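A look at the structure
What follows is each chain in one-letter form.
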Amino acid sequence: MDPGLGADEITPIALLMDELRSEDVQLRLNAIRRVSTIALALGPDRARDELIPFLQDSVDDEDEILLALADELGKNFEEYIGGNEYAHVLLGPLENLSAVEETLVRDKAAESITRIAAVLTPQQIEQYYIPLLTRLSHGEWFTSRTSSAALYAPVYSKVSQGIQEELRKGFAALGSDDTPMVRRAAAKWLGAFAKNLSKQHILSDGLSIYRRLQADDQDSVRLLTVEDLVVIAQQLSPPEVKEQLLKQIRQSVTDKSWRVRYMAANHFNALSEAVGVELVREELVNHYVQLLKDNEAEVRTAAAGQIPGFSKLLEPEVVIARIVPFVRDLCQDSSQHVRAALANQITGLAPLLGHGPTIEHLLQLFLHLLKDEFPEVRLNIISKLEQVNNVIGIQLLADSLLPAIVELAEDKSWRVRQAIIEYIPLLATQLGKAFFDEQLANLCMSWLGDTVYSIREAATINLKKLTEVFGVDWARTQIVPKVVNMGSHPNYLYRMTTVQAIGTIAPSLNIDIVCDEIIDALLHLATDPIPNIRFNVAKSLEVVATTYGKTKEGKELAQQKVVPVLEELKADQDADVRYFATLASQRALVAMQG
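The model shown is predicted, which means the values in this text are computed figures rather than measured ones.

Focus: a negative patch on the surface
On the surface, a cluster of negative charge is made up of Glu62, Asp63, Glu64 and Glu101. By secondary structure assignment, the location of Glu64 is in helix H5 (residues 63-73). When its relative accessible area of 48% is taken as the criterion, Glu64 is described as partly exposed.

In C-alpha cells, the structure reads:
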C-alpha cells in the first residue's frame, strides 16, 4: 500500500478492482467504464505498475467488456498514467485485444492504437510500436494479422527510411496472405497506406500490392480495391494513370461480380475526377454508359446517383448525346429504387445543360417521374424542382408541371403531400398573388382538413409563410376568414386546426387583424366540449399575449379578453387544460409587464 494514501482512499479503489473481477457482467462493464477513475485514484505510478498489467491479463472476458476496454484505453488514457512519455504502456493490453476473435473489439483496439500513435515520439514508435506491429503482422492467428493492416499508415511518415522499407514489405505480405480475411483488411487499408507513400514508392510498391488485390479470386477483396484505385489515381498524373491503371479500371467496371461493379459505380465520380478529363472522355464515358444499363438494379441505382457529378466533367453536347438517352431509359426502369435514385439526381442536369436543352430533353422526363407510381420517386423529384426553376423560370415550370403538382397535392402518400406543401411558398414567391389565388389558394386551405396530423400542421406553417410572402392585407382577405369559419365546423379536427392555425399565423399578422377578425373566434372555442381544443386555445392565447402584449393595443386586448378567459380555463375540470392555462396566464402577465 502506498503510505501516501489513507484507508478511506484505498477502499473505493479496492472495490472497483473487485468489480473488475466480479462474475456479474454488468458490474464488470460498469467498472471498465470507470477505469479512468480507478487510474486517477491510483495515481500515475500505480496505474502503470498495477492497473495496466491487470487489464493486460483481462482479455479472457465477454466481448462487450473487451469492446468497452478497447474504447476506454483510446480516450486520452495516457493522461492518467503519466502523460505522453508513458503512452506506449497502453500498447500492451491493446495488442492483446487486437488478436481476439470478435471483429468489433479488434477494430476498436486498432482505432485506439492509432490514436495513441499520434502522441508517440519517433523513438517510442521505433522502440515499442514497430515491434508490436511486427508481432501482429506475423501472428499465428489471422485475427492479429487482420488488425495489423490498419496500423501501418498512422506511423509510416514518422519512421526512418529503413523502417519504411520494412513496413512496405510487411504490408505487401498482408496483401498476399493465404487467408481471405487478411487480404480483405489489406485492401481496406491500402488507400490510407498509399496516401503516405511517395510517388516513387507508389509506382514500385503500392501498385504491385494493389494489382495483386485487384485480381484476387474473392470478390469481397476486389470490391474494397475500388477505393484504393481512386486514392492511387489521385497520387499519379493523368499520363501515369493511363499507363499504369487503365487495365485495372476496365477490370473493375466490368468485373464479373455485381458487387464490384456496384462499388465502381458508387465511386465513379471520385475516380473520374482523379484520372483527368482526357481519360474520362476517351475511356470512362463508355464504361459509365455500361454501368447505367447494367443488368443488376443495384449497379444501375449507384450509377444513377452519379449522373450530375459525372456530367460536369463532360461537354453539354456529349451529355445530351451519350448520357441523356440512357437517363430516358432509366425513367422507365423496372426497379423503383433505380427510378428513385434517378429522380433524386436528374434535376442536377438542368444547370449543366442550360435553358433550351433542359426544356427540349429533360422537362418531359421530370413530368414522367412526377407521375411515377412509386411515392419515393415523386417525392425525390418534387424536393429538387428548385434547381429546374433556376434554369427555365417559374412560368414555364408552372405551365408544364403545375397540373402534376396539383394532382400530387391529393396523393395517397402523405409524405408526398407534405413535400408539395413545403414547396408551395417557393412557388408562391415566384408566381405572384394573382396566379396563386387562382390556381393554388383553395388547395392550400384544403390541406387544413387533411386526415393526417402532420399535413394539417405543415399546412398551418405554410399559411404563415404565405402571409410573410404576400403580406398581412392579403392574409386578411384570403386566409383569415377561411380559418375562422372552420372554427364552427361540427368535426372537432377542423375546430382544432383553426385554433392551431391561429396560434401559428398570429405573429405574422398585426394587432388590428387579431382584434377585429381572430380573437372572438378563439375565445368562443375556449368553451368547446373537447378538452384538447380548450388547452390548445390556452396555448394560442399565450402566443397572442406574448406577441402583442408589449404594445398599448395588445396590452388592452390581453387585459380585457385574454387574461379573463385564461383565468376561467385555470378552473377547468380537465387537468391538462388547467396546466396549459396556468402556464399561458403566467407568460402572458410577464409579457404585459415587460
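That covers the picture; the talk isn't over yet.
So, the environment of Ala459
Locating Ala459 in the fold gives a position in helix H32 (residues 453-470). Put simply, Ala459 and Asp399 are 60 residues apart on the chain and 24 Å apart in space, counted from C-alpha to C-alpha. Sequence-distant contacts of Ala459, defined by excluding residues within four places in its chain, comprise Ile421, Trp447 and Leu448.

Digging into the UniProt feature "repeat: HEAT" (unreviewed entry) in the protein chain
Cross-referencing UniProt, the feature "repeat: HEAT" (unreviewed entry) maps to residues 90-128, 167-205, 245-283, 284-322, 323-361, 362-400, 401-439 and 518-556 in the present numbering. When the span residues 518-556 is considered, its composition is 77% helix and 0% strand, and the gap between its end C-alpha atoms is 15 Å.

Things to note about the confidence of the model for the protein chain
A low pLDDT score tells you not to read the predicted coordinates there in detail. For the protein chain, the mean per-residue pLDDT works out to 84, and 95% of the residues sit at or above 70. Helix H1 (residues 7-20) is the least confidently modelled element of the protein chain, averaging 59 in pLDDT, while helix H17 (residues 258-266) averages 93, the highest of any element. Confidence over residues 1-12 falls short of pLDDT 50; this stretch has seven contacts with residues more than four positions distant or in other chains.

A word on the layout of surface pockets
Considered as a void within the structure, the largest pocket measures approximately 310 Å³ in volume. If you go around the largest pocket, you meet 18 residues; those closest to its centre are Asp107, Thr146, Ala185, Lys188 and Trp189. Those elements that provide at least two residues to the lining of the largest pocket are helix H7 (103-117), helix H9 (142-148), helix H10 (153-156) and helix H12 (180-194). The residue inventory of the lining of the largest pocket, partitioned by class, reads nine nonpolar, four polar and five charged.

Points about empty space enclosed by the protein
Rolling a probe over the atoms, with the probe sized like a water molecule, indicates the empty space that remains. All told, the structure shown has one cavity of 30 Å³ or more when counted by the stated rule. Space inside the largest cavity adds up to approximately 50 Å³. Taken together, Phe436, Ala441, Cys444, Met445, Leu463, Leu466, Trp474, Gln478, Ile479 and Lys482 make up the full set of residues lining the largest cavity. Those elements that place two or more of their residues in the lining of the largest cavity are helix H31 (441-446), H32 and helix H33 (472-478). In terms of residues, the lining of the largest cavity owes the most to one element, H31, which gives three residues. The class makeup of the residues in the lining of the largest cavity is eight nonpolar, one polar and one charged.

Quick word on helix H22 (residues 316-331)
Maximal helix bending in H22 amounts to about 45°, located at Ile323; proline Pro325 follows within four positions. For H22, every residue scored as buried is listed here: Val319, Ile323, Val324, Phe326, Val327, Leu330 and Cys331. In this fold, the buried residues of H22 make contact with helix H19 (277-292), helix H20 (297-304), helix H21 (307-311), helix H23 (336-345), helix H24 (349-353) and helix H25 (355-370).

Considering the side chain of Asp333
The topology assignment puts Asp333 in the loop between H22 and H23. Judged by relative accessible area, which is 10%, Asp333 ranks as buried. Of the polar contacts made by the side chain of Asp333, one reaches the side chain of Arg300; its length is 2.7 Å. Residues within four places of Asp333 in sequence aside, it is in contact with Arg300, Val338 and Arg339.

Topic: the pattern of salt bridges
The full count for this structure, using the stated rule, is 33 salt bridges. Two residues, Arg33 and Glu72, come together in a salt bridge whose shortest N-O distance is 3.1 Å. With Arg33 in helix H2 (residues 25-33) and Glu72 in helix H5, this residue pair connects regions lying 39 residues apart in the sequence. A relative accessible area of 8% places Glu72 in the buried class. Because the salt bridges share partners, they merge into one network encompassing Arg33, Asp71, Glu72, Lys75, Lys108, Glu111 and Arg115.

Description of the packing of helix H36 (residues 511-524) against helix H37 (residues 531-548)
Taken N-terminus to C-terminus, the directions of H36 and H37 make an angle of 160°; their axes are 11 Å apart at the nearest point. One element, H36, and the other, H37, form an angle in the roughly antiparallel class. In terms of crossing hand, the pair formed by H36 and H37 is left-handed. From H36, Ile511, Val514, Ile519, Leu522 and Leu523 reach across to H37, where they touch Val537, Ser540, Leu541, Val544 and Tyr548. In terms of residue class, the contact of H36 with H37 is made up of nine nonpolar, one polar and no charged.

Topic: the packing of aromatic side chains
Within this structure, the stated rule accounts for 11 aromatic pairs. Ring centres of Phe268 and Tyr288 lie 5.2 Å apart, and the angle between their planes is 35°; on these two criteria the pair is classed as tilted. Remark: Tyr288 occurs in helix H19 and Phe268 occurs in helix H18 (residues 268-275); sequence separation between them is 20 residues. With a relative accessible area of 0%, Phe268 lands in the buried category. Tyr288 gets classed as buried once you look at its relative accessible area, which sits at 0%. Across from the ring centre of Tyr86, 3.7 Å away, lies the NZ or CZ of Arg48, which sits over that ring.

Observations concerning unusual backbone geometry
Backbone geometry at Asn76 places phi at a positive 55°, although glycine is not the residue there. Its place among the elements puts Asn76 in the loop between H5 and helix H6 (91-97). On the basis of relative accessible area, Asn76 is assigned to the partly exposed category, the value being 44%.

Scoring rules and cut-offs
- Residues numbered from 1 in each chain as written.
- Predicted model: local features only at pLDDT ≥ 70, side-chain atom pairs only at ≥ 80, totals over all residues.
- Heavy atoms only, no water.
- Patch = residues over 30% accessible without salt bridge, like charges linked within 9 Å, V, L, I, M, F, W, Y side chains within 5 Å.
- Areas by Shrake-Rupley, 256 points an atom, 1.4 Å probe, with all protein chains shown as cover.
- Salt bridge = Lys/Arg side-chain N within 4 Å of Asp/Glu carboxyl O.
- Lys, Arg positive; Asp, Glu negative; His and termini not counted.
- Charge placed at Lys NZ, Arg CZ, Asp CG, Glu CD.
- Helix = DSSP H or I, 4+ residues; strand = E, 2+ residues; numbered from the N terminus.
- Buried < 20%, exposed > 50% of the residue type's maximum accessible area, 1.4 Å probe, protein only.
- Contact = heavy atoms within 4.5 Å.
- UniProt positions renumbered as here; feature names shortened; annotations may be inferred.
- pLDDT = per-residue confidence, 0-100.
- 1 Å grid on protein atoms, 1.4 Å probe; cavity = no way out; pocket = protein on both sides within 12 Å on 5 of 7 lines; lining within 4 Å.
- Points joined across faces, edges and corners; volume = space filled by probe spheres on them.
- Nonpolar A, V, L, I, M, F, W, Y, C, P; charged D, E, K, R; others polar.
- Bend = angle between axes of the 7 residues up to and from the residue.
- Polar contact = N/O pair within 3.5 Å; in protein donor to acceptor, adjacent residues only side chain to side chain.
- Axes fitted to C-alpha atoms, helices over the stretch in contact; angles between N-to-C directions.
- Parallel < 35°, antiparallel > 145°, perpendicular 65-115°, else oblique.
- Left-handed = near helix turned anticlockwise from the far one by under 90°.
- Phe/Tyr/Trp six-rings, centres within 6.5 Å; stacked < 30°, edge-to-face > 60°.
- Lys NZ or Arg CZ within 6 Å of the ring centre and 35° of its normal.

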